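Report on the structure
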Amino acid sequence: MQLMNERRARLWLSAVGCLLSASAVGGVLPEDRADVLYHRYDGGGVVIDGPSLLVRKKFADKVSVAANYYVDMVSSASIDVVSTASPYKEERTQYSVTADYLRGKSTYSAGYISSSESDYEAKTWYAGVSQDMFGDLTTISFSFKRGNNDIFRNIGGGKDPTFKRASDQRSYAVGLTQVLTRSLIGTANFEVISDEGYLNSPYRSVRYFDPSSPNGYSYQGEVYPNTRTSNAASVKLSYFLPWRASLTGWYRFYTDSWGVNAHTGEFTYTHPMRDRWTFSGSLRYYRQDAADFYADLFPRRDYANFLARDKELSTFTALTFGLGASYDFRIARLPWVSKAQANVRYDFMTIDYDDFHDVRASALVPGTEPLYKLDANIYQLFLSIWF
Amino acid sequence: MGFAQPLARRLLVALAATAALSACAPLEPWVKPYERENLADPIMAFDRYPVSTAYLDHVFEAREGARGATGSAGGGCGCN
């Protein structure tokens, strides 16, 4: 049986950020470029890899159009899968297209994203506007996004014909980008996201004390609320250092109606060398509290109206270390390519869960198993050209 | 008491007039266009590698409860 514990279906919206980020900079359309990326995530018994292709082109210096093709090939034998289901393979394909229209100091954007996998279909449209003001020192932006998702359940290699659910998502975002000094720029963003509909996984289970079971516990399906509203606010500052390098700091506070509160902080240092090379290093910290209805082990069956044992809703701390290198070059045989760039990036992510126990280890008393820990290696290899 | 109230009213009027007049003054950009060489350097771009940034956002969102306000309009997704 397949299990959607990797929450892979929620990934598609963030992937489209590469298309829509242009809207954060009003007054100037992004450059014409093409990127091809190979990505690989390997951690916790899960391997996800695949390509991403992005092409962006301007027309008459008024309109910029971008298209992205993205694939996740998932091979999962994660702790959730081996606890209550069987390893599986899955593929998710995403297509997205967006257009930016520049008029004076304003940029209007619209986009459409489609994501498809065997048990999840998602469609989203997006609209936004950004405006430069105060001598182009300030840019403000607003955006609205709406998504419709259809959720299915796979059983025995095919879709369960009796199971189909839906969910709806709306997002409202505002942003402010401000030139602060000749070497310092900052941006602040605030986003409200509300969901309604079927928000849990049709596969995931919670466990509860069951003295009649040989190992002292049993499983039942999880039950989530039908609504969720979240607020996230972030600030990012980027400073140009005197020896031509940059230091960027980012902080985000997050809170939602499920009781999850989170803090995210990240520093990135970027250092060019010998004209063609650029190196970067980053450190990211993430900490969250558990959802109100999360428990690793419930006292009994049907203990509460809402029940979750999704480790992404538990209390945990994550640290990610990243290193990247890029090399600029020209392709003599392709005169229409003004610049080319080869990139490689490696990230190591480690997550320590405070209240999610590793049930693969046996314990005399349920709930005293060792805590779960996840280490993951993340690789990216990509080529960019400007034309 | 009778003196304090008119004084407070006058102060309020003076403050309101000052605020109104200052709002009419044009705001001078304190960083001129020709002073933005450092900010225009590619290493200062918030999103220098768009496909890579989007992918990493994707990796984090799948494993964390938080979502949104990532600085790009695409951040956040509530589907599970």
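So, how was this worked out
Residues numbered from 1 in each chain as written. Chains lettered and ligands numbered in written order. Predicted model: local features only at pLDDT ≥ 70, side-chain atom pairs only at ≥ 80, totals over all residues. Heavy atoms only, no water. Helix = DSSP H or I, 4+ residues; strand = E, 2+ residues; numbered from the N terminus. Rg over C-alpha atoms; globule rule 2.2 N^0.38 Å. Buried < 20%, exposed > 50% of the residue type's maximum accessible area, 1.4 Å probe, protein only. Contact = heavy atoms within 4.5 Å. Areas by Shrake-Rupley, 256 points an atom, 1.4 Å probe, with all protein chains shown as cover. Lys, Arg positive; Asp, Glu negative; His and termini not counted. Charge placed at Lys NZ, Arg CZ, Asp CG, Glu CD. Buried area = accessible area lost by both parts, 1.4 Å probe. Salt bridge = Lys/Arg side-chain N within 4 Å of Asp/Glu carboxyl O. Polar contact = N/O pair within 3.5 Å; in protein donor to acceptor, adjacent residues only side chain to side chain. Phe/Tyr/Trp six-rings, centres within 6.5 Å; stacked < 30°, edge-to-face > 60°. Lys NZ or Arg CZ within 6 Å of the ring centre and 35° of its normal. pLDDT = per-residue confidence, 0-100. Pairing = 2+ DSSP bridges.

**What about the overall build of chain A?**
Counting its regular elements, chain A contains three helices and 18 strands. Relative to a compact globule of 387 residues, whose C-alpha radius of gyration would be 21 Å, chain A shows 23 Å and is just as compact. Projected onto the principal axes, the alpha-carbon positions of chain A cover approximately 70 × 40 × 40 Å. The 387 residues of chain A split such that 53% are buried. Here the analysis covers contacts within chain A between residues at least 6 apart in sequence; of these, 61% occur between residues at least 24 apart. Of the roughly 16700 Å² that chain A leaves accessible, carbon and sulfur atoms contribute 61%. Counting 42 positive and 42 negative side-chain charges, chain A places the averaged centre of each group 6 Å from the other.

**Describing the interface of chain B and chain A**
Counting residues at the interface gives 45 residues for chain B and 93 residues for chain A. Summed over both sides, the interface between chain B and chain A buries roughly 6100 Å², with carbon and sulfur atoms accounting for 58% of that surface. Where chain B meets chain A, there are four salt bridges. Our enumeration of links across chain B and chain A arrives at 21 residue pairs in polar contact (both at pLDDT 80 or more). Those elements that provide at least two residues to the side of chain B that touches chain A are α2 (37-40) and α3 (50-63) of chain B. The dominant element in the side of chain B that touches chain A, judged by the number of residues it contributes, is α3 of chain B, at 13 residues.

**Examining the packing of aromatic side chains**
Scanning all chains against the criterion turns up 22 aromatic pairs over all chains. Pairing F382 of chain A with Y49 of chain B gives two aromatic rings, centres 5.7 Å apart and planes at 75°, and the pair type is edge-to-face. In this pair, F382 of chain A sits in strand β18 (residues 371-386) while Y49 of chain B sits in the loop between α2 and α3, so the two residues belong to two different chains. This pair shows no difference in class: F382 of chain A is buried, exactly as Y49 of chain B is. Following the ring pairs from residue to residue traces out a cluster consisting of Y286, F316, Y353, F356 and Y372 of chain A. The lysine or arginine in question, R165 of chain A, covers the ring of Y198 of chain A, its NZ or CZ lying 5.8 Å from the ring centre. Sitting over the ring of F60 of chain B, R284 of chain A keeps its end group 3.7 Å from the ring centre.

**Structural notes on the confidence of the model for chain A**
When pLDDT is averaged along chain A, the result is 90, and 93% of the positions lie at 70 or above. Contacts for the low-pLDDT stretch residues 1-25 of chain A, under 50 throughout, to residues beyond four places or in other chains number 131 contacts.

**Re the pairing of strand β1 (residues 33-43) of chain A**
Consecutive side chains of a regular strand alternate in pointing toward one face of the sheet and then the other. Residues and elements named next belong to chain A. Note that β1 and β18 share 11 bridges and pair antiparallel. Across the sheet, the residue bridging to Y38 is L381, located in β18. Note: β1 against strand β2 (residues 46-59), 11 bridges, orientation antiparallel. Looking across to β2, one finds that R33 is bridged to R56. Linking β1 to β2, which pair antiparallel, is a turn of two residues; within it G44 sits at a positive phi near 60°.

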